[in-house]
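As a plain string of letters, each chain reads:
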Amino acid sequence: MPVSRPRIFRPTEANVTRLANALRRGAIVGVPSETVYGLAADALNAAACAKIFEAKGRPSTDPLIVHLADAGDVEGVAVSNPGAMRLARQFWPGPLTLVLPKRAVVSDLVTAGNATVAVRVPAHPVFQELIRRTGRPLAAPSANRFGYISPTTAFHVRDGLVGTTLRAVIDGGECAIGVESTIIDLTDPDSPRLLRPGGLALEELEKAMGCAIPRPRRVRLGPAEAAPAPGMLSKHYSPRTPLFLHERLSSKVTLNIPGNEAVVYLRRPSGSAAPWVPGARVFWLSEGGDAAEIAHQLFGLLRKLDLGEWRALHVELPHGGEGLVPAIRDRLFRAAAKR
Ligand code: TXA
Ligand code: MG
């Protein structure tokens, strides 16, 4: 039997209607969002959601985010509170996910048996339209094989999920942000907990909430400038090619790296060979070091380099705790984690 390859659909009205109907019948569909591409199913249909876990190879202990068309739909799936709704009004649609107590309609499969459910209103107009036309909340994790780099184009989704039950991906262009949403647990509104730094800056959340959010524990690189010790972080977002992190790259550091290993600067290094020159192995994630540009390029470049013949990838870490920097650092540390 030929291996099935998901088909990419342009986001026309007819195609969105067709794929909304497929979702209503229990299919899974690849969808664009402003953060990363998602693998969506009707959140109220457990059999449909089971297909997500199967296609991704995701363990059933890892719960899914439920996507809504509007903040007013939260009460249908979760028990909200005034603090949560204040954040929702300010930051939705957008890259913020709220964890709240769940309602019984949401299946245990979606929440991995937890008493809570993660909810988000995505900002991508095609995703919003799809939710509206389906008329259901849509459960969607990132549309990558479990543990691999998240997809930021429809092509990433298609190429990564060949041979699964996924038949359709809607092409909504490159994801504007390029890293996943910020997740905050507001189950107890008096003690918000950051579960994942992401596309919404922590300082924005802190300003809106009027209190400090404890940051994730800061991971330090060992003296060998290698990845952190195993066990400190769970492996995720990982290319197959071994990845090493550097607090700072320079031409001196680069000269000491073997020629069959790729080197990824945060900003264009002055005087370096352009990456399209045959044999060149120096790449960069932005022109001038802007964190939003780095986040936007990160997963796409890692995927591209992973298709090359590189023995290893060496990536420079951004510094600081503002904007998208905590999210980028988090993803890079997990990508480099040994297990
Ligand atoms: O930007 C995003 O958040 C993307 C787009 C598609 O919306 N989605 C995404 O989903 O990144 P995923 O499944 O790759 O990551 C969601 C994370 C998981 O690590 C999961 O453990 C956590 O959210 N999560 C989901 N429900 C949760 C819950 N009830 N309690 C705690 N964590 C939860
Ligand atoms: Mg993911």
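Residue numbering note: each chain is counted from 1, following its sequence as written. Lettering for chains starts from A, numbering for ligands starts from 1, and both go in the order in which the items are written. For a predicted model such as this one, the threshold for reporting local features is a pLDDT of at least 70, and the threshold for listing and counting side-chain atom pairs is 80 or more; totals across whole chains, interfaces and linings nevertheless cover every residue. No hydrogens and no water enter the side-chain calculation; it runs on all heavy atoms of the structure.

**Student:** Which residues make up the site of ligand 1, and what values go with them?
**Tutor:** Every one of the 22 residues lining ligand 1 counts as a neighbour, but Thr35, Asp62, His67, Ser181 and Arg196 are closest to it. For ligand 1, an oxygen atom lies 2.9 Å from a polar atom in the side chain of Ser142. Burial of ligand 1 by the surrounding chains reaches 86%, relative to a free accessible area of 690 Å². Put simply, ligand 1 lies in the largest pocket. In DSSP terms, a helix is any run of H or I states spanning at least four residues, a strand is any run of E spanning at least two, and both are numbered starting from the N terminus. Looking at the shell around ligand 1, the element that brings in the most residues is strand β6 (residues 116–120), giving 4 residues. Neighbouring residues are identified by heavy atoms, a residue being near a molecule or strand if any of them is within 4 Å of it. We call two N or O atoms a polar contact when they sit within 3.5 Å, provided that within protein one can donate a hydrogen and the other can accept it, with sequence-adjacent residues counted only if both atoms are side-chain atoms. Every accessible area reported is derived by Shrake-Rupley at a probe size of 1.4 Å, with residue values counting cover from the shown protein chains alone. Here a cavity is any set of points on a 1 Å grid over the protein atoms alone where a 1.4 Å probe fits but cannot get out, and a pocket is any open set with protein on both sides within 12 Å along at least 5 of 7 lines; a residue lines the site when it has an atom within 4 Å of a point. Any molecule with more than half of its atoms within 2 Å of a cavity's or pocket's grid points is counted as sitting in it.

**Student:** Quick one: what's the story with the packing of aromatic side chains, residue by residue and with numbers?
**Tutor:** Geometry of aromatic contacts follows a simple scheme: Phe, Tyr and Trp rings, the Trp one being its six-membered ring, pair when their centres are within 6.5 Å, and the pair is stacked under 30 degrees between planes, edge-to-face over 60, tilted otherwise. Inspection of every chain in the model, using the stated rule, returns 2 aromatic pairs. With 5.9 Å between their ring centres and 5° between their planes, Tyr237 and Phe299 make a pair best called stacked. One end of the pair, Tyr237, is in the loop between α8 (202–209) and β11 (243–246); the other, Phe299, is in helix α10 (residues 291–306), and 62 residues separate them in sequence. As far as burial versus exposure is concerned, Tyr237 and Phe299 are alike and both buried. Per-residue accessibility, obtained with a 1.4 Å probe over protein chains only, is compared with the maximum for each type, and a residue is labelled buried under 20%, exposed over 50%, and partly exposed between these values.

**Student:** Help me get a handle on the environment of Arg281, residues and values and all.
**Tutor:** In this structure, Arg281 sits in the loop between β12 (262–265) and β13 (282–284). In the structure, Arg281 is positioned 259 residues away from Ala22 in sequence and 44 Å away in space, judged by C-alpha atoms. We call two residues in contact whenever any of their non-hydrogen atoms come within 4.5 Å of each other. Setting aside anything within four residues of it in sequence, one finds Arg281 in contact with Thr254, Ile257, Pro258, Gly259, Glu261, Ala262, Val263 and Trp310. Polar contacts involving the side chain of Arg281 include one to the main-chain carbonyl oxygen of Ile257, which spans 2.9 Å.

**Student:** Could you give an account of the sheet that holds β11, with specific residues and numbers?
**Tutor:** For two strands to be treated as a pair, DSSP must find no fewer than two bridges joining them. Here 4 strands make up an open sheet; going across it, the order is β11-β14-β12-β13 and the pairing parallel. In this open sheet, the two edge strands, each paired with only one partner strand, are β11 and β13. Adjacent strand axes in the sheet meet at a mean angle of 25° when their direction is disregarded. Relative to strand β14 (residues 313–316), β11 runs parallel, the two being bridged by 4 bridges. For Phe244, the partnering residue across the bridge sits in β14 and is His314. For helices, the fitted line uses only the C-alpha atoms of the stretch in contact; every axis is such a line through C-alpha atoms, and the angle between N-to-C directions lies from 0 to 180 degrees. Together, β11 and β14 form the strand contacts of helix α11 (residues 325–336), whose direction differs from that of β11 by roughly 135°.

As far as function goes, none of this settles anything; it's purely spatial.
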